[in-house]
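Structural overview for review
Here is what each chain is made of, one letter per residue.
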Amino acid sequence: MLGGGYYYYRSIYEPQVYVRAIAPLYESAGLLGSETAAIAAPKGPADPLDYAGAAEAIAARARSMSAARAEIVAVKPPNAKLADFQTGLIEVLDLALAASTEAEEHAQFLAN
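Now for a quick tour of the structure. Just so you know, these numbers come straight off a predicted model, no measurement behind them. (Residues numbered from 1 in each chain as written. Predicted model: local features only at pLDDT ≥ 70, side-chain atom pairs only at ≥ 80, totals over all residues. Heavy atoms only, no water.)

We now examine the pattern of salt bridges. What the rule picks out here adds up to 1 salt bridge. Notably, a salt bridge pairs Asp 94 with Arg 69, separated by 2.5 Å at the nearest N-O pair. Note that Asp 94 is positioned in helix H4 (residues 80-111) and Arg 69 in helix H3 (residues 51-74), a separation of 25 residues in sequence. (Salt bridge = Lys/Arg side-chain N within 4 Å of Asp/Glu carboxyl O. Helix = DSSP H or I, 4+ residues; strand = E, 2+ residues; numbered from the N terminus.)

What follows covers H3. Every α-helical turn comprises 3.6 residues, leaving residues that sit three or four positions apart pointing alike. The terminal C-alpha atoms of H3, which comprises 24 residues, lie 35 Å apart, in line with the 34 Å expected from a rise of 1.5 Å per residue. Listed as buried for H3 are Gly 53, Ala 54, Ala 55, Ala 57, Ala 59, Arg 61, Ala 62, Met 65, Ala 68 and Ile 72. (Expected span 1.5 Å × (residues − 1). Buried < 20%, exposed > 50% of the residue type's maximum accessible area, 1.4 Å probe, protein only.)

A few words on the side chain of Glu 14. For Glu 14, the location among the structural elements is in helix H1 (residues 2-28). The exposure class assigned to Glu 14 is buried, which follows from its relative accessible area of 17%. Contacts of Glu 14, omitting those with residues within four sequence positions, involve Tyr 9 and Pro 78. (Contact = heavy atoms within 4.5 Å.)

And the structure:
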């Protein structure tokens, strides 16, 4: 009976706890594209030619993605399959952050 309890804990309970911990972070990083993520995302400038405002909005979005990335890194995955998922998620966030940095530089260049 002890083996069954260990199996349940490692195979069913731990992954559920991990998913409950990681799902809100995934959403706060803006990767879901859901309505709540859209509401939480910083709004861009009203004027499409306001490049300084666009640079500020991009920087705010990058800060929220960086914060979510730091929290995702802190969550310990319970098994190799979820560790691979977490590694992929971190790589996607790194790419998004690099794109945000480049977009912010372009917006700042156009603002000046």
